[in-house]
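Summary of the model geometry
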Amino acid sequence: MKVEKAPVKFGTPQTPPRQDSPPPPHRPPPRPGSTPANGPRPSMFSQRGGPRTVEDPEDGTPLPPPRPKGPPPEFKPGDHVVYPTHGVGQVQGIEDMPVAGMSLKVIIVTFEENRMTLRVPVNKAASSGLRKLATDDHMAEALEVLRGRARIKRTMWSRRAQEYEAKINSGDPLAIAEVVRDLHRNAGQPDQSFSERQIYEQALDRLAAELAAIDRTDKAAASEKLLTFLKAA
């Protein structure tokens, strides 16, 4: 009996014989506490929450742990302080106030012009923006800002007004000085609009109040000092 062979198709890829892949190269086991090359870098804090040394990604030298923030400033009765949205006030004392069955230590700050009393928790004083008066160097920088040139953006007044109010409510003398500088008008310059005048006077009053507390003078004398710097621009 004649057996016919199956026809061979040319051009069909032939499956190469199966070969076992070579074993992976031997790698020493990782040292305790080390991290693989392609694994996540060590965290700045250990699992227990304590700081640990972090290696520099470039040369591998250990970096020191982050420095803790300094202690919050201490306020005493009689200190003049600045609250961002209310300006300059005076500390009357620190008392314990009962809140929800617990005792909360608060700083009592009074504002004479507004006839307002503010109670700020001691543990929230820094985050609320309550601070002591600016240093002489910081206020000197603010006065130099008044000598500078006005920098008015070419945007709608409503947007600029929001930016000016945000700077005033920041409580930063440098930011407030920028508002005074940009909205001040010398003789021969176009008059201010009503809303511009309001924001300008608010910024000038806020800056003069802090300057008066630093110089231990009244607000009128501080305002005259600010106008002298503005006219010298």
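Report follows, based on the coordinates. Everything quoted here is computed from the prediction, not taken from an experiment.

**Brief notes about the packing of helix H5 (residues 194-215) against helix H6 (residues 219-231)**
Put simply, H5 and H6 touch, their axes get as near as 8 Å, and they point 115 degrees apart. The orientation of H5 with respect to H6, classified from their angle, is roughly perpendicular. As H5 packs across H6, the resulting crossing turns out to be right-handed. Each of Tyr200, Leu204, Asp205, Leu207, Ala208, Ala209, Leu211, Ala212 and Asp215 in H5 lies in contact with H6, whose residues at this interface are Lys219, Ala222, Ser223, Lys225, Leu226, Leu227 and Leu230.

**Some words on the side chain of Gln192**
Mapped onto the secondary structure, Gln192 falls in the loop between helix H4 (173-183) and H5. At a separation of 3.1 Å, a polar atom in the side chain of Gln192 contacts the side chain of Arg197. Ignoring anything within four residues of it in the chain, the contact list for Gln192 reads Leu183, His184, Arg185, Arg197 and Tyr200.

**What to know about the side chain of Arg181**
Mapping Arg181 onto the fold places it in helix H4. Under the relative-accessibility criterion, Arg181 is labelled buried at 11%. Within the local environment of Arg181, its side chain forms a polar contact with the side chain of Asp182, the two groups lying 3.0 Å apart. Not counting chain neighbours up to four residues away, the residues in contact with Arg181 comprise Val145, Leu146, Gly148, Arg149, Ala150, Arg151 and Leu230.

**Some words on H4**
Judged by how many residues are buried, H4 sits mostly within the fold: nine of eleven residues are covered. Listed in full, the buried residues belonging to H4 are Pro173, Ala175, Ile176, Ala177, Val179, Val180, Arg181, Asp182 and Leu183. Structurally, H4 contributes buried residues whose contacts are with strand E7 (131-132), helix H2 (136-147), helix H3 (157-170), H5 and H6.

**A look at the pairing of strand E5 (residues 102-111)**
Examined bridge by bridge, strand E4 (residues 87-99) and E5 share nine bridges and lie antiparallel to one another. Within E5, the residue paired with Val91 across the bridge is Val109. Once E4 ends, the chain turns through two residues before running back antiparallel as E5, passing Ala100 with a positive phi of about 50 degrees. In textbook terms, the turn of a hairpin is the stretch between consecutive antiparallel strands, and for E5 and strand E6 (residues 116-121) this stretch comprises four residues, one of which, Arg115, has a positive phi near 50 degrees.

**Notes on the pattern of salt bridges**
The final tally for this structure, using the stated rule, is ten salt bridges. With its nearest N and O atoms 3.0 Å apart, the salt bridge here joins Arg197 to Glu201. Of the two residues, Arg197 and Glu201 are both situated in helix H5; the distance of four residues between them amounts to about one turn of the helix. One salt-bridge network, in which partners are shared between bridges, spans Glu113, Asp205 and Lys219.

**Here's the deal with the sheet that holds E6**
On the basis of which strands lie adjacent, the open sheet formed by five strands has the order E6-E5-E4-E3-E7 and antiparallel pairing. The open sheet is flanked by E6 and E7, the only strands paired with a single partner. Contacts between H5 and the sheet are confined to strand E3 (80-83), E4 and E7, with E4 contributing the most and set at about 85 degrees to the helix.

Here is what the cut-offs are and how they apply
Residues numbered from 1 in each chain as written. Predicted model: local features only at pLDDT ≥ 70, side-chain atom pairs only at ≥ 80, totals over all residues. Heavy atoms only, no water. Axes fitted to C-alpha atoms, helices over the stretch in contact; angles between N-to-C directions. Helix = DSSP H or I, 4+ residues; strand = E, 2+ residues; numbered from the N terminus. Parallel < 35°, antiparallel > 145°, perpendicular 65-115°, else oblique. Left-handed = near helix turned anticlockwise from the far one by under 90°. Contact = heavy atoms within 4.5 Å. Polar contact = N/O pair within 3.5 Å; in protein donor to acceptor, adjacent residues only side chain to side chain. Buried < 20%, exposed > 50% of the residue type's maximum accessible area, 1.4 Å probe, protein only. Pairing = 2+ DSSP bridges. Salt bridge = Lys/Arg side-chain N within 4 Å of Asp/Glu carboxyl O.

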